[in-house]
Each structure stands twice: as structure tokens, then as C-alpha cells.
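Examining the three-dimensional arrangement
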Amino acid sequence: MSEKYVITGGAGFIGSNLAETLSKDNDVLVIDDLSAGKMENLGCLDVRFVKGDLTDPKLLKEAFSGASCVFHQAAIASVKKSVEDPSRTNAVGIDGTLNVLIAARDAGVSRVVQASSAAVYGSSLQLPKKEDMLPEPMSPYAVSKLAAEHYARVFQELYGLKTVSLRYFNVFGPKQDPYSEYSGVISRFISALLHDEQPVIYGDGEQTRDFVYVADVVSANILASRGAPGVYNIACAKSISLNTLAKVIGKILAKEVRPRYESARAGDIKHSLADISRAKRIGYSPKYSLEEALIETIQWFGKT
Ligand code: NAD
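Attention here is on the structure that accompanies the text. From a predicted model like this one, the values you see are computed outputs, not experimental measurements. (Residues numbered from 1 in each chain as written. Predicted model: local features only at pLDDT ≥ 70, side-chain atom pairs only at ≥ 80, totals over all residues. Heavy atoms only, no water.)

1. Comments concerning unusual backbone geometry
Keep in mind that most residues, glycine aside, have a negative phi and that most peptide bonds are trans. Here the residue pair Leu127 and Pro128 is connected by a cis peptide bond, since its omega of -10° sits within 30 degrees of zero. Here Pro128 is to be found in the loop between β5 (111-117) and α5 (140-159). Not every positive phi belongs to a glycine, and Lys175 is a case in point at roughly 80°. If you trace the backbone, Lys175 turns up in the loop between β7 (170-172) and α6 (185-194). According to the relative accessible area criterion, Lys175 is buried, its value standing at 12%. (Helix = DSSP H or I, 4+ residues; strand = E, 2+ residues; numbered from the N terminus. Buried < 20%, exposed > 50% of the residue type's maximum accessible area, 1.4 Å probe, protein only.)

The structure is reproduced here in C-alpha cells:
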């Protein structure tokens, strides 16, 4: 049966991939202020689009009417921007999320699935990251994600609105913007090598990340719209160093890779790895190997 779903931030990288999958069988309405997202990400998808800001409660309530689930992806998705302008991150990430939860409650939406982040774990050195660890956010961005998780839980307890917060690790895939200085490292590496330039690595390249393909993140959102509410890590539970990653991408593209090393970025964590056993309980299991996902991503970048 066709359902109505709303995706906030649906013109962005992850939101537009989710819109692509959901719009095949459902009525999808995207809300985005286009501050970072692009209409071309929605291309010829069969979705309705409302240009609007999360800070407009009336717009949200009207848009949510009749929706069974809101997938809340909108945020100022950048640690760096949050350090430069913490007020805006707060306005969108905390006040905006509160507006989403209030509007969902008042419009009779049964569930909100929202994008959280591995950034909430912050400075803790313990690996792998588990959802019950004490969060140690280190940036206004991470604080906003943690506050949003707490608001979501409290709305479930107080008003019966089912809520799920998905702590994404390093997401990559088609539609990720390689030209944004905030973009993920994989899209920047691919873009550089496709243009016969050398990738830039900040630090010694031995830092490790847990990369997850956007198609697996889309599946996680759909599972979260049905499974037990709560907080879940969404990752692959495998880590790879940036030096190895650059070599793997170079091998797929048959290009010699000689990364340009620049000084490490302040606040960058050394290692990141998720425990995904809790997400497995709602049926989540990453389907793509890193190689398969990189090949699909490279094919997409090659076409654009
Ligand atoms: P993105 O910037 O591509 O998408 C965010 C979208 O939100 C953009 O289209 C932007 O225009 C929109 N937006 C921003 N402020 C808005 C506002 N006030 N009102 C309406 N729309 C607004 O980022 P993304 O990578 O697709 O991230 C999606 C979500 O996942 C974000 O919440 C982000 O914090 C979270 N996340 C992403 C990653 C990742 O690796 N990409 C990792 C962890 C968490």
C-alpha cells in the first residue's frame, strides 16, 4: 500500500538517495531550504517538493499532514560550520528538530526517523563505539545531534510519538558533493583522481574510518521506520585507513596514487569503528562490500 512519507533535507546527499528509493512505491514530499541541497539531486524523481526552513513550524505541520513517517535528514551537516557559527547549527539542529517533533506529534504522524551522527561519541578512545557508551561531543554539531536524540526519546515517552535516531558513521556514495569543503573524503578522492589530480590527506593517513555506502543507509532508514524505536549505529563495523582507501580507489581507477599530505585538521579523531549489533536486531546488515560500493560510486561520478 502506498504511504505518505516526508523527508526533511531531501534535496541533500542522503535525503535524495532515500527519496529515490521511497518514491518508487510511495507518495514522497521533500522539504529543503536548498542551503546545501540541490534540485538536481531530485532530478526526475516522482516527489513533491516544498522549499522551506525547519524553523517554520506552520510549514512543517501542513507538510506532515497525513504522513505515516517523517525521515528527518535536514541539518547543517558540518562540524566546521558548527564551530564557525554555533547559533545556526543550534537553530537548525536543535530548535529545528524540536519543531519537527512538535509538528509530527500535532499532525498525528506515527514515527520520526532522524539522522544522528557518530560525532556524538566525540573524544572517547574506546572502540568499537557502542550506543550505550557515554557520549563526549566535541563540537556544536555533535551537541546538536545529541540534544536531538534526547528530544526524540522524550517525545516518545511523553507523547507516544515513536522515534528512531540513526547514528551514521562515514557515509559515501552517489550525489555526495565533492566540491564542498565539508564533503566526505571518498568523494574528494574519487573526484581528484578522475581529474588526474592527487588526493589530499590531512595528517599521516593512518587514521581509520568506518565507511558505509549510502544504499545501506537508505535500507537502515526503511528498517527503522518499522523496527523497535531507539538509537542505532549505522556503519559497516569495518575500518580502513585513508592511505589504504586511496590505494583501493587508485587500483579501481587504474591510476597511480601519490597522496599530498597536509597538516592534520584540529579536532579530527584518529580512529572510528562501530559496533552494529544493536542495528542487526532491526534487520540491518550492510549489503555492499567497500569495493562494490566504490565501483558504483565511481561509475556515478564518471557520468556527472
Ligand atoms: P547534506 O548537506 O547533503 O543534506 C542536508 C540537507 O538539509 C541539505 O539538502 C540542506 O539544504 C538541508 N537543510 C539544511 N538546513 C535546513 C533547514 N533549516 N531547513 C530545511 N532544510 C535544510 O548532508 P547529508 O550528508 O545528506 O546529511 C544528511 C543528514 O545525515 C544530516 O543530518 C547529517 O548531519 C547526517 N549525517 C551525515 C553523515 C555523512 O557522512 N554524510 C554522517 C553522519 C550524519
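Picking up after the structure, the text goes on.
2. Considerations on the pattern of salt bridges
Applying the stated rule across the entire model yields 13 salt bridges. Notably, a salt bridge pairs Lys80 with Glu84, separated by 3.3 Å at the nearest N-O pair. On the criterion of helical spacing, the pair formed by Lys80 and Glu84 is a turn pair, its members being 4 residues apart in helix α3 (residues 79-84). Note on Lys80: relative accessible area 40%, which makes it partly exposed. Classification of Glu84 by relative accessible area gives exposed; the value is 52%. In this structure, Arg258 engages Glu256 in a salt bridge whose closest nitrogen and oxygen atoms are separated by 3.4 Å. (Salt bridge = Lys/Arg side-chain N within 4 Å of Asp/Glu carboxyl O.)

3. Structural notes on the site of the ligand
Every one of the 28 residues lining the ligand counts as a neighbour, but Ile14, Asp32, Gln73, Tyr141 and Lys145 are closest to it. Contact distances for the ligand include 2.8 Å between an oxygen atom and a backbone N or O atom of Ile14. Between the ligand and the protein, one listed contact pairs an oxygen atom with a backbone N or O atom of Gln73 at 2.8 Å. In isolation the ligand has 820 Å² of accessible area, and contact with the protein removes 90% of it. (Near = heavy atom within 4 Å. Polar contact = N/O pair within 3.5 Å; in protein donor to acceptor, adjacent residues only side chain to side chain. Areas by Shrake-Rupley, 256 points an atom, 1.4 Å probe, with all protein chains shown as cover.)

4. Describing the packing of aromatic side chains
Any aromatic ring pair is given by two values, namely how distant the centres are and how the planes are angled relative to each other. What the rule picks out here adds up to 7 aromatic pairs. Summarising the aromatic geometry, the rings of Tyr121 and Phe169 are spaced 6.2 Å apart at their centres and angled 40° between planes, so their arrangement reads as tilted. You can see Tyr121 sitting in the loop between β5 and α5 and its partner Phe169 sitting in the loop between β6 (162-168) and β7, a full 48 residues away along the chain. Judged by its relative accessible area of 1%, Tyr121 falls in the buried class. Looking at Phe169, the relative accessible area reads 7%, which means it is buried. A connected cluster of aromatic rings, assembled from ring pairs, spans Phe172, Phe211, Tyr213 and Tyr288. One Lys or Arg, Arg105, reaches over the ring of Tyr159 and ends 4.5 Å from the middle of that ring. (Phe/Tyr/Trp six-rings, centres within 6.5 Å; stacked < 30°, edge-to-face > 60°. Lys NZ or Arg CZ within 6 Å of the ring centre and 35° of its normal.)

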